[in-house]
Amino acid sequence: MSRKRVVIAGLGDAGVLAAIRLARWADVVGISAKPGLVSGQELGIRLARPQEWARDYWIPFDRFRRLDGVRTIQARLTGVDLDRRRVFCEGDDGSPLTEEFDALVISTGVSNGFWRRPTLQSADEVGAELRAAHDRLAAAGSVIIVGGGAAAVSSALNLATTWPEKKVDLYFPAERALVGYHPRIWNRIRARLADRGVGIHPGHRAVMPDGFLCDEVTSEPVHWSSGQPPSCAAAVLWAIGRVRPNTDWLPPELLDERGFVRVTSNLRVPGHPSLFAVGDVAATDPQRSSARNRGDALVARNVRAGFSGRRLRPYKAPARRWGSLVGAQPDGLEVFLPSGHSFRFPRWAVDKVVMPGIVRWGMYHGVRENDPFGPFDRVLRS
Ligand SMILES: Cc1cc2nc3c(=O)[nH]c(=O)nc-3n(C[C@H](O)[C@H](O)[C@H](O)COP(=O)(O)OP(=O)(O)OC[C@H]3O[C@@H](n4cnc5c(N)ncnc54)[C@H](O)[C@@H]3O)c2cc1C
């Protein structure tokens, strides 16, 4: 089989991993609005300890050894011609670009809050944004976090751990937070939040200011449609899971009613054998969970199987969410399983085994050391 050309649209968490796998046998072109991986993971650590976060979750593409053979283009995707198998994009100077493909993997993710936006950004701009959000929260004596999902809970715990003197309050509408997870997980995390003095406020449904997209930290009082008096803090972090799929560049016929890319169980777009989707943008299951459940490996395998006429494999979503939830803490990394049970790596194992061995080698197949003078590392030094 001659080498095929695969375009990966969006080089975030899922796209980078898919590109790494596909690069072994295909000519891969990766198109991304960012100049490197700016991961969607671990919001709490990103806000509270951006230097620590950047070391593991903000990685220039040229540091991934397996991306050496991949051509990465920093541009904004603007359209696709399905018949002629081409994608269109625009560089930061507005210049148009066209890339042809034999297969297209759509992995443009979602927009969420101020921390996940598909804007074209230089490394300096990414760094400035990371720093600004951190500084804003560092300067606030009190913080309200609105939301009951992983991003909200992780932010509450990490802010309270990093700044024990800060008043941190978490408000969410249901009786418990982390609704998509096993109840045991919330019980455990609630105890840790309480230990760190986080105020926990179930049964609070926030009134959304008109036209507000939750994409900035605010300081106005928060009003509750659930009847309680308004709450005030110096900074309000909105993490209410109001995600918007980054699909405005795709024709509506590929999308479901909420704008996510429709896929079969094989991660293929129905009626379009050369199109696949993976990650948060792919309508695989109600949680759209393929990014964190090895969808990258499956999509890479199925793209290849599609070319060689082999049978494609199905994606099986776990019934419940799982993951580290609050990321690595000073006392180690706890990973919660769908069953609600957890196991913990001590901090030394996170630094010496998990990150260098399991993540950088096992998952990414080699990540080069930082260039201490590169623009990506300015944020680490500041
Ligand atoms: C190994 C792994 C472990 C994980 N563990 C957890 C966990 O413990 N807990 C948890 O909750 N979640 C976890 N996640 C999931 C994670 O939170 C998100 O699901 C993941 O970040 C989504 O990845 P994505 O590639 O779909 O989207 P993104 O990482 O957001 O990537 C999308 C990319 O496309 C770009 N883009 C968008 N539109 C355009 C455009 N028009 N033009 C050009 N570029 C564009 C964006 O800028 C971005 O770079 C994990 C994910 C992975 C891979």
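Since the model is a prediction, treat every value here as computed from it, not as a measurement.

Rules and cut-offs
- Residues numbered from 1 in each chain as written.
- Predicted model: local features only at pLDDT ≥ 70, side-chain atom pairs only at ≥ 80, totals over all residues.
- Heavy atoms only, no water.
- Buried < 20%, exposed > 50% of the residue type's maximum accessible area, 1.4 Å probe, protein only.
- Helix = DSSP H or I, 4+ residues; strand = E, 2+ residues; numbered from the N terminus.
- Pairing = 2+ DSSP bridges.
- Axes fitted to C-alpha atoms, helices over the stretch in contact; angles between N-to-C directions.
- Near = heavy atom within 4 Å.
- Polar contact = N/O pair within 3.5 Å; in protein donor to acceptor, adjacent residues only side chain to side chain.
- Areas by Shrake-Rupley, 256 points an atom, 1.4 Å probe, with all protein chains shown as cover.
- Nonpolar A, V, L, I, M, F, W, Y, C, P; charged D, E, K, R; others polar.

Q: So what about the pairing of strand β18 (residues 272-277)? Which residues, and what values?
A: Among the six residues of β18, five are classified as buried, and the element is accordingly described as predominantly covered. Pairing of strand β9 (residues 103-106) with β18, which is carried by three bridges, proceeds in the parallel orientation. When the bridges of β18 are listed, Val-105 appears paired with Phe-276. Alignment of strand β17 (residues 268-269) against β18, held across two bridges, turns out to be antiparallel. Bridge pairing in β18 places Val-269 opposite His-272.

Q: Please set out the sheet that holds strand β12 (residues 167-171) residue by residue, giving values where relevant.
A: Judged by pairing direction, the sheet is parallel, and its four strands sit side by side in the order β13-β12-β11-β14 without closing on themselves. Taken across any chain shown, the strands that pair with only one partner, and hence form the sheet edges, are β13 (199-201) and β14 (235-238). Direction aside, the axes of adjacent strands within the sheet are offset by 15° on average. Note that strand β11 (residues 142-146) and β14 share four bridges and pair parallel. Considered in β14, the bridge of Val-146 is made with Trp-238.

Q: Now, about the site of the ligand: what can you tell me, with residues and values included?
A: The full set close to the ligand counts 29 residues, and Asp-13, Ala-14, Leu-77, Arg-116 and Asp-280 are the nearest of them. One of the side-chain N or O atoms of Asp-13 is found 2.5 Å from an oxygen atom in the ligand. Arg-116 places a polar side-chain atom, nitrogen or oxygen, 2.7 Å from an oxygen atom of the ligand. Computed on the free molecule, the ligand has an accessible area of 1,000 Å², of which 89% lies beneath the protein chains in the complex. Here the shell around the ligand gets four residues from one element, more than from any other, and that element is helix α1 (residues 13-22). Grouping the constituent residues of the shell around the ligand by class yields ten nonpolar, 13 polar and six charged.

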